[in-house]
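Working through the structure, step by step
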Amino acid sequence: MKKVLSIILVLVMTVSSLAIPASAATTKKTTAVWNGKSDTSWYDGKSDTYDISTAEQLAGLSKLVADDNSMAGVVINLTADIVLNDTSNWKDWSSKAPANKWIPIGRSDGNAMGYMPFAGVFNGNGHSISGLYVKSKRTAGLFGYVYGSIITGVIIKNGVVISYRDRNYSYAGGIAGIVETSIIDECENRANIYAYGCLGEDYAYDPTYAGGIAGAISTENMSGELIWIGAAAAGIIINPAIGAAVDGGIIKSSTITNCINAGKVSAKGHGNEYAGGISGMATAGMITNSLNLGGGYIGDISISLKGVEEKIKMNNYGGIVGQLEGCKLSKCYYYSSNSSGKGVGYIPPSGYTITDTTIKLTYKQVMSAELVKKLGGSFVYVKGDRPKLAIMK
């Protein structure tokens, strides 16, 4: 991996709350709605750090990765808020698509199509991406498939993410569909997330996974490669959660930390649907210090922060994880007004001895300063409102 020092720098910035570089700290705002085109002119392949500030440049990143440039060793700094669609009617997008459809950054379409992951560092710097509309096979999110990557400081506002399968699995997440051997830190999702099964009878029971932050989190790497972030990283004193994911300069364990979901999460199909407030499925790695305030749906399941409606008719929805198979959970909080609500939807009976350590919250606890104290410095208390990420612009 070329010029790894940039990645080490961003890793330290992210988890140690150090000042970000001047170029990445700009607070430039944009109100221009994406024109649907992609701009790759900002990338010349000669640097290890690039700043982008427009929707067209963000779409250019998606195109570059689709063209088999994983961005390994490259840091992408988002320096402005992005608007992908007019969001005046965004809650209707699940049935009526807006003007612009987003192509996820990186994808995993199976062996026939090959794997095209994002493997760089994406630093959102607390900026928002609003109007995200995704409807794609297998993997859906702002990012479709990531490995060996760090994604930090991204706020997804007012959007709809839909994944569907055609003789294959379905993964939908606000930040990413599939997260492998990667770190997601200080991100928030407010989009509605849907994962659907195929309509035909073939492969009707292959699982669908939906998560507020990730469709699935795993440490297993499809490429079988070790992902280096720099040998010096092992000697840096950083957030313990991230430290557990790094060994000798290698990202050895996927981690979701300091994240919030405030969007509806839904998984529907003919069977084997799993939805989680943070991740639909978690087979390895760690989810820590994160908060789910969104609604989760599987079939007739619905959860409302205000407690207006909550019906639970199936067991595969978890306030944090839909299906848990070895991922460690620590300091994970979720809202539920229903006494039977739980943090983990399903634990397979195949030898796993996992204890649900998630913490269920009442509405009063969600709105309390005490919760922010428990979550730590990545969050701030706002009187009369839910916790916010400290990095938000």
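Rules behind the numbers
Numbering of residues starts from 1 in each chain and follows the order in which that chain's sequence is written. In keeping with the predicted nature of the model, local features appear solely for residues at pLDDT of at least 70, side-chain atom pairs appear and are counted solely at 80 or more, and the whole-chain, interface and lining totals rest on all residues. Heavy atoms from the whole structure form the basis of all side-chain values; hydrogens and water molecules are not counted. Elements are defined by DSSP. Helices are runs of H or I of four residues or more, strands are runs of E of two residues or more, and each kind is numbered from the N terminus. Partly exposed describes any residue whose relative accessible area lies between the buried limit of under 20% and the exposed limit of over 50%, with all areas from a 1.4 Å probe on protein chains only and scaled to the type maximum. Contacts between residues were defined by any pair of non-hydrogen atoms, one from each residue, lying within 4.5 Å. Here the accessible surface of atoms and residues is derived via Shrake-Rupley with a 1.4 Å probe, and residues count as covered only by protein chains that are part of the display. The score called pLDDT rates the predictor's confidence residue by residue, from a low of 0 to a high of 100. When DSSP finds at least two bridges between two strands, those strands are taken to pair. Here an axis means a line fitted to C-alpha atoms, over the contact stretch when the element is a helix, while the angle between two N-to-C directions is reported on a 0 to 180 degree scale. Note on terminology: a nonpolar core comprises buried Ala, Val, Leu, Ile, Met, Phe, Trp, Tyr and Cys residues joined through side-chain atoms within 4.5 Å. For this document, the term salt bridge refers to a Lys or Arg side-chain nitrogen within 4 Å of an Asp or Glu carboxyl oxygen. Between 30 and 60 degrees the pair is tilted, below 30 it is stacked and above 60 it is edge-to-face, where a pair is any two Phe, Tyr or Trp rings, Trp via its six-membered ring, whose centres lie within 6.5 Å. One fewer than the residue count of a helix, multiplied by 1.5 Å, yields its expected span.

Helix and strand counts for the chain come out as 5 helices and 36 strands. Burial analysis of the chain (393 residues in total) assigns 58% to the buried set. Intrachain contacts of the chain at a sequence separation of at least 6 include 77% that bridge at least 24 residues. With the model as given, the accessible surface of the chain reaches about 15300 Å², and the carbon-plus-sulfur share is 51%.

Model confidence for the chain is summarised by a mean pLDDT of 78, while 70% of its residues fall at 70 or above. Model confidence for the chain, summarised as mean pLDDT per element, is weakest for helix H1 (residues 5–16) at 37 and strongest for strand E3 (residues 82–83) at 97. pLDDT under 50 marks residues 1–27. Its contacts with residues more than four places away, or in other chains, come to 71 contacts. The low-confidence segment residues 199–203, where pLDDT is below 50, has 6 contacts with residues more than four positions distant or belonging to other chains.

Here 6 strands make up an open sheet; going across it, the order is E9-E13-E18-E25-E31-E33 and the pairing parallel. Only two strands of the sheet have a single partner each, and these edge strands are strand E9 (143–147) and strand E33 (344–346). For this sheet the average axis-to-axis angle between neighbouring strands, irrespective of direction, equals 20 degrees. As judged from the 3 bridges shared by strand E25 (residues 279–282) and strand E31 (residues 321–324), these two strands associate in the parallel manner.

Judged by nonpolar contacts, the single largest core of 62 residues is most densely connected at Trp102, Phe122 and Ile287. Here this core takes 6 residues from helix H2 (residues 55–66), the largest share from any one element. Dropping the residues within four chain positions of it, tryptophan 102 is found in contact with Trp34, Leu58, Ala59, Ser62, Leu84, Leu132, Tyr133, Val134, Gly141 and Leu142. Listed in part, the 14 residues of the second largest apolar core include Ile155, Leu291, Tyr335 and Val372.

Below, the discussion takes up the pattern of salt bridges. A side chain of one charge can pair with a side chain of the opposite charge when the charged atoms of the two come close. Counted according to the given criterion, the structure contains 4 salt bridges. The salt bridge involving glutamate 188 is made with arginine 190; its shortest N-O contact spans 2.9 Å. Grouping residues by exposure puts glutamate 188 and arginine 190 together as buried. Between arginine 386 and glutamate 188 there is a salt bridge, with its nearest N and O atoms 2.5 Å apart. Of this pair, arginine 386 sits in the loop between strand E35 (379–380) and strand E36 (388–389) while glutamate 188 sits in strand E15 (residues 188–189), and the two are 198 residues apart along the sequence. A residue is classified by how much of its surface remains accessible, and arginine 386, at 9% relative accessible area, is buried. Because the salt bridges share partners, they merge into one network encompassing Glu188, Arg190 and Arg386.

Here we take up the packing of aromatic side chains. The full count for this structure, using the stated rule, is 13 aromatic pairs. With 5.5 Å between their ring centres and 15 degrees between their planes, tyrosine 171 and tyrosine 209 make a pair best called stacked. Of the two residues, tyrosine 171 sits in strand E12 (residues 170–173) while tyrosine 209 sits in strand E17 (residues 208–211), which places them 38 residues apart along the sequence. Between the aromatic rings of tyrosine 274 and tyrosine 346, the centroid separation amounts to 5.8 Å while the plane-to-plane angle is 35 degrees, which identifies the pairing as tilted. Taken together, the positions of tyrosine 274 in strand E24 (residues 273–276) and tyrosine 346 in strand E33 put the pair 72 residues apart, joining distant regions of the chain. Among the aromatic residues, those joined into a cluster by ring pairs are Tyr169, Tyr171, Tyr209, Tyr274 and Tyr346.

On to the environment of leucine 78. Structurally, leucine 78 can be placed in strand E2 (residues 75–78). According to the relative accessible area criterion, leucine 78 is buried, its value standing at 0%. Taking the C-alpha atoms as reference, leucine 78 lies 8.6 Å from threonine 54; in sequence the two are 24 residues apart.

The next thing to look at is the sheet that holds E17. The strands making up a sheet associate through backbone hydrogen bonding, with each pair oriented either parallel or antiparallel. Read from one edge to the other, the open sheet built from 5 strands follows the order E8-E12-E17-E24-E30, with strand pairing classed as parallel. Among the strands making up the open sheet, the edge pair consists of strand E8 (139–140) and strand E30 (317–318). As paired strands, E17 and E24 are joined by 4 bridges and run parallel to one another. What sits directly across from alanine 210, in E24, is alanine 275.

A word on unusual backbone geometry. The phi dihedral of arginine 138 is positive, around 65 degrees, even though this residue is not glycine. For arginine 138, the location among the structural elements is in the loop between strand E7 (133–137) and E8. One non-glycine residue, asparagine 289, lies in the positive phi region at around 50 degrees. Along the chain, asparagine 289 falls in strand E26 (residues 286–292).

Turning to H2, a few remarks are in order. Here H2 is 12 residues long and its end C-alpha atoms lie 17 Å apart, about the 16 Å a rise of 1.5 Å per residue gives. For H2, the buried fraction is high: 10 of the 12 residues fall into the buried class. For H2, the full list of buried residues reads Ala55, Glu56, Gln57, Leu58, Ala59, Gly60, Leu61, Ser62, Leu64 and Val65. In this structure, the buried residues of H2 make contact with strand E1 (49–52), E2, E3, strand E5 (115–116) and strand E6 (121–130). Positioned one or two residues after H2, aspartate 68 has a phi angle of 75 degrees, which is positive.

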